[in-house]
Amino acid sequence: MRKGSGSVLVLVLAVSAACCLGFGFVLQQAAAEHAPRSDFLSPRLLLDLMRVPSWLAGIGLMVCGMALGALALGKGEVSVVEPLLATNLLFAMALSRHRTGQRLGRQGWAGLWLLAGGVTAFLLGGRPQGGEVVTNELRHWLVIGVVVGIAMALTTFAKRSQHGAAPALLAVAAGLLYGLQDALTRVSGQRLSDGGWTALVTGWQPYAVVVLGVTGLILVQSAFETGPLRTSLPALTAAQPLAGIACGVGFLGDQLRTDAAALAWQATGLTAIVVGIMLLGLHPAMPEGRGHHHRRRSLQSY
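What counts as what
- Residues numbered from 1 in each chain as written.
- Predicted model: local features only at pLDDT ≥ 70, side-chain atom pairs only at ≥ 80, totals over all residues.
- Heavy atoms only, no water.
- Helix = DSSP H or I, 4+ residues; strand = E, 2+ residues; numbered from the N terminus.
- Buried < 20%, exposed > 50% of the residue type's maximum accessible area, 1.4 Å probe, protein only.
- Contact = heavy atoms within 4.5 Å.
- Areas by Shrake-Rupley, 256 points an atom, 1.4 Å probe, with all protein chains shown as cover.
- Patch = residues over 30% accessible without salt bridge, like charges linked within 9 Å, V, L, I, M, F, W, Y side chains within 5 Å.
- Salt bridge = Lys/Arg side-chain N within 4 Å of Asp/Glu carboxyl O.
- Core = buried A, V, L, I, M, F, W, Y, C linked by side-chain atoms within 4.5 Å.
- Phe/Tyr/Trp six-rings, centres within 6.5 Å; stacked < 30°, edge-to-face > 60°.
- Axes fitted to C-alpha atoms, helices over the stretch in contact; angles between N-to-C directions.
- Parallel < 35°, antiparallel > 145°, perpendicular 65-115°, else oblique.
- Left-handed = near helix turned anticlockwise from the far one by under 90°.
- Nonpolar A, V, L, I, M, F, W, Y, C, P; charged D, E, K, R; others polar.
- Polar contact = N/O pair within 3.5 Å; in protein donor to acceptor, adjacent residues only side chain to side chain.

(A) A look at the overall build of the protein. Scanning the protein for helices and strands turns up 12 helices and zero strands. Reading the protein from its N end, one meets helices and strands in the order α-α-α-α-α-α-α-α-α-α-α-α. Residues classed as buried in the protein amount to 51% of the 302 residues present. In the protein, 87% of the contacts between residues at least 6 apart in sequence involve partners at least 24 apart. Accessible area for the protein stands at about 13500 Å²; split by element, carbon and sulfur atoms hold 67% of it.

Dropping the structure here:
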């Protein structure tokens, strides 16, 4: 991790991004759960949701979060920024707690400390540092293919079963695509820095960032539409940093310590992050949804 003021700036940018994302997700889900079920996994879903002011506010916050995240990725390694972005669930929890009036309790505090402690353990244990971008095209496309392939498989399973595990499956798929998007955002920023706008617009990466963003948005809103926030947001939050770290190490050249003690700390940190996310996501303060009959209501009535 870069030292000095650069590290502090990355921390501030990433946590600010997480705040915007967390608040934005809560507002989006509150609107998406009322969308017509016929819009499931369809671009029509976004067109219908555009008529809902609270959803637009949520999207605005998410865009701000993505912009701040892009700035953080431009100044720090993906393996550093991604675990910090995972703290968006803390901010989603704070807003949901304010709306529901629920106290944190043992489960909430345990999830909070596990998430925060897991991020700290991973960063201190791995001590991520930037390195040379991997020039092996085969390795580059292999990592991308695996991430996209898993996301497509999860989406296919979710489409066959629009109830039960569908929200979590879609959220994991979206998280994988968002993690890949973050990595390609880092690459796009490097191309802009090294070769200017000409190098940026002549590369495929910025266009892939847009496609991944729109696809991920459809998946996320479909997950929000078919299930409560507590079944989708934890899965989304857990999948994104894992995919981002895999891409960072896989083809961006991020370097992590690989001695036995460091690997143990990293594994412990990632496990704590996932468990903390799940505890917070299942907390009573997180919205449970309004039930199937409420989701059938039109967006106009909402």
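(B) Representation of a nonpolar patch on the surface in the model. Together, L192, W197, V201 and Y207 make up a nonpolar patch on the protein surface, roughly 440 Å² of accessible area in all. By the secondary structure assignment, V201 is in helix α8 (residues 166-201). V201 sits in the partly exposed class, given a relative accessible area of 46%.

(C) Focus on the nonpolar core. In terms of nonpolar packing, the biggest core is built from 73 residues, with L180, L236 and F251 touching the most fellow members. If you tally residues by element for this core, the top one is α8, at 12 residues. When neighbours within four sequence positions are excluded, L236 is seen to be in contact with F25, A171, A174, G175, Y178 and V220.

(D) Local environment of the packing of aromatic side chains. Under the definition given, this model contains three aromatic pairs. Between F23 and F91, the aromatic rings sit 6.2 Å apart at their centres with planes inclined by 90 degrees, giving edge-to-face as the arrangement. In this pair, F23 is assigned in helix α1 (residues 5-32) and F91 in helix α5 (residues 88-100), connecting sequence segments 68 residues apart. Owing to a relative accessible area of 27%, F23 belongs among the partly exposed residues under this scheme. Under the relative-accessibility criterion, F91 is labelled partly exposed at 22%. Between F25 and F224, the aromatic rings sit 6.2 Å apart at their centres with planes inclined by 75 degrees, giving edge-to-face as the arrangement. Highlighted residues: F25 in helix α1 and F224 in helix α9 (residues 205-226), separated in sequence by 199 residues. For the pair formed by F25 and F224, the shared burial category is buried.

(E) Here's a closer look at the packing of α8 against α9. Following both chains from N to C, one finds α8 and α9 inclined at 160 degrees, their axes separated by 7 Å at the closest point. The angle between α8 and α9 falls in the class roughly antiparallel. Taken as a pair, α8 and α9 cross one another with a handedness that is left-handed. Of the residues assigned to the contact of α8 with α9, the class counts are 21 nonpolar, nine polar and one charged.

(F) Geometry of the environment of Q221. Residue placement: Q221 occurs in helix α9. For the pair Q221 and L170, spaced 51 residues apart in sequence, the C-alpha separation works out to 9.2 Å. Residues in contact with Q221, not counting those within four places in the same chain, are Q28, A32, L45, L46, L49 and W55. Looking at Q221, its side chain comes within polar contact range of the side chain of Q28, at 2.6 Å.

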